[in-house]
Amino acid sequence: MSEDEVSTRPESGRLAGAPDATDRAIIAELVEDGRISVRALAERVHISRANAYARIGRMVEDGTISGFTARLNPQRVGLGTTAYVTVTIQQNAWRAVGERLREVPYIEHFALVGGDYDVLALVRTPDNTALREVVLEQIQSIPNVRSTRTWLVFEEAPGRGAAWEA
């Protein structure tokens, strides 16, 4: 991450403005079906299409909605091995380590965390051989990474998530 990216980001934990009941209803519909048409969305939320377009545009602009994506079944797209990898790093190197982790293939998500470990990464690979490569060759070769620990995932299930309806 460059210094420019750091300086242009909103303060951590600060919202652009809390979503009102209509925004929350829009969010609930988009979380349920990201492919819903604006017309159908407006009908379900009981607002005009113009209002729906404006609200979605505002929420995208202010970062409330950070993108639209498809949820994939990892096994169906050839990523049959999933693991959580914890990483312990040299404390003053978190920015540099974070930049390098963004470049490692198969890391779906990572978070800097407090506790016994410094980083928690979700890794999805085609098989155990690729997972071994990611952990032993890629992650452990990053300067200032002190150690890793890998937990294989045997089964996953979605959680309830946040309730977005007003």
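Residues numbered from 1 in each chain as written. Predicted model: local features only at pLDDT ≥ 70, side-chain atom pairs only at ≥ 80, totals over all residues. Heavy atoms only, no water.

### Topic: the confidence of the model for the protein
1) Next: Mean pLDDT for the protein: 89, with 90% of residues reaching 70 or above.
2) Next: Here residues 1-14 is a poorly scored stretch, pLDDT under 50, and it has 5 contacts once near neighbours within four places are set aside; other chains count. (pLDDT = per-residue confidence, 0-100. Contact = heavy atoms within 4.5 Å.)

### With respect to a nonpolar patch on the surface
1) Next: There is a patch of nonpolar side chains on the surface, built from Tyr-84, Val-113, Leu-120 and Trp-151 and spanning about 330 Å² of accessible area.
2) Next: Assessed through its relative accessible area of 40%, Trp-151 is described here as partly exposed. (Patch = residues over 30% accessible without salt bridge, like charges linked within 9 Å, V, L, I, M, F, W, Y side chains within 5 Å. Areas by Shrake-Rupley, 256 points an atom, 1.4 Å probe, with all protein chains shown as cover. Salt bridge = Lys/Arg side-chain N within 4 Å of Asp/Glu carboxyl O. Buried < 20%, exposed > 50% of the residue type's maximum accessible area, 1.4 Å probe, protein only.)

### Side note on the packing of helix α2 (residues 21-32) against helix α4 (residues 49-61)
For any two helices packed against each other, the geometry is given by the interaxial angle and the distance between the axes.
1) Next: Running from N to C, α2 and α4 cross one another at 85°; their axes reach a closest spacing of 11 Å. Judged on the interaxial angle alone, α4 and α2 are roughly perpendicular. In contact with Thr-22, Asp-23, Ile-26, Ile-27 and Leu-30 of α2, α4 contributes Arg-55, Ile-56, Arg-58 and Met-59. (Axes fitted to C-alpha atoms, helices over the stretch in contact; angles between N-to-C directions. Helix = DSSP H or I, 4+ residues; strand = E, 2+ residues; numbered from the N terminus. Parallel < 35°, antiparallel > 145°, perpendicular 65-115°, else oblique.)

### Quick look at unusual backbone geometry
Peptide bonds are trans in most cases, and residues, glycine excluded, mostly fall at negative phi.
1) Next: The backbone of His-46 shows a phi angle near 65°, a positive value even though the residue is not glycine.
2) Next: By the element assignment, His-46 lies in the loop between α3 (38-45) and α4.
3) Next: In this model, Tyr-106 sits at a positive phi of 80°, which is unusual for a non-glycine residue.
4) Next: Considering the arrangement of structural elements, one finds Tyr-106 in the loop between α5 (94-103) and β2 (107-112).

### So, α3
1) Next: Looking at α3, one finds that the buried residues are Val-38, Leu-41, Ala-42 and Val-45. Seen along its axis, α3 keeps its buried residues to an arc of 100°; they face one direction.
2) Next: Where α3 is buried, its residues touch α2 and α4.
3) Next: Downstream of α3 by one or two residues, His-46 has phi in the positive range, about 65°. (Arc of directions from axis to C-beta.)

### Notes on the layout of surface pockets
Where empty space is left can be seen by rolling a probe of water-molecule size over the atoms.
1) Next: Quantified by volume, the largest pocket comes out at close to 1,000 Å³.
2) Next: If you go around the largest pocket, you meet 25 residues; those closest to its centre are Leu-30, Val-31, Thr-69, Ala-70 and Arg-71.
3) Next: In terms of residue count, the dominant contributor to the lining of the largest pocket is α2 (4 residues).
4) Next: In terms of residue class, the lining of the largest pocket is built from 11 nonpolar, 7 polar and 7 charged. (1 Å grid on protein atoms, 1.4 Å probe; cavity = no way out; pocket = protein on both sides within 12 Å on 5 of 7 lines; lining within 4 Å. Points joined across faces, edges and corners; volume = space filled by probe spheres on them. Nonpolar A, V, L, I, M, F, W, Y, C, P; charged D, E, K, R; others polar.)

### Topic: the sheet that holds strand β1 (residues 81-89)
1) Next: One open sheet accounts for 4 strands, arranged β2-β3-β1-β4; its pairing is antiparallel. Only two strands of the sheet have a single neighbouring strand rather than two, namely β2 and β4 (145-152). Neighbouring strand axes in the sheet, compared pairwise and without regard to direction, differ in orientation by 20° on average.
2) Next: Of the strand pairs in this sheet, β1 and β4 are connected by 7 bridges, and their pairing is antiparallel. (Pairing = 2+ DSSP bridges.)

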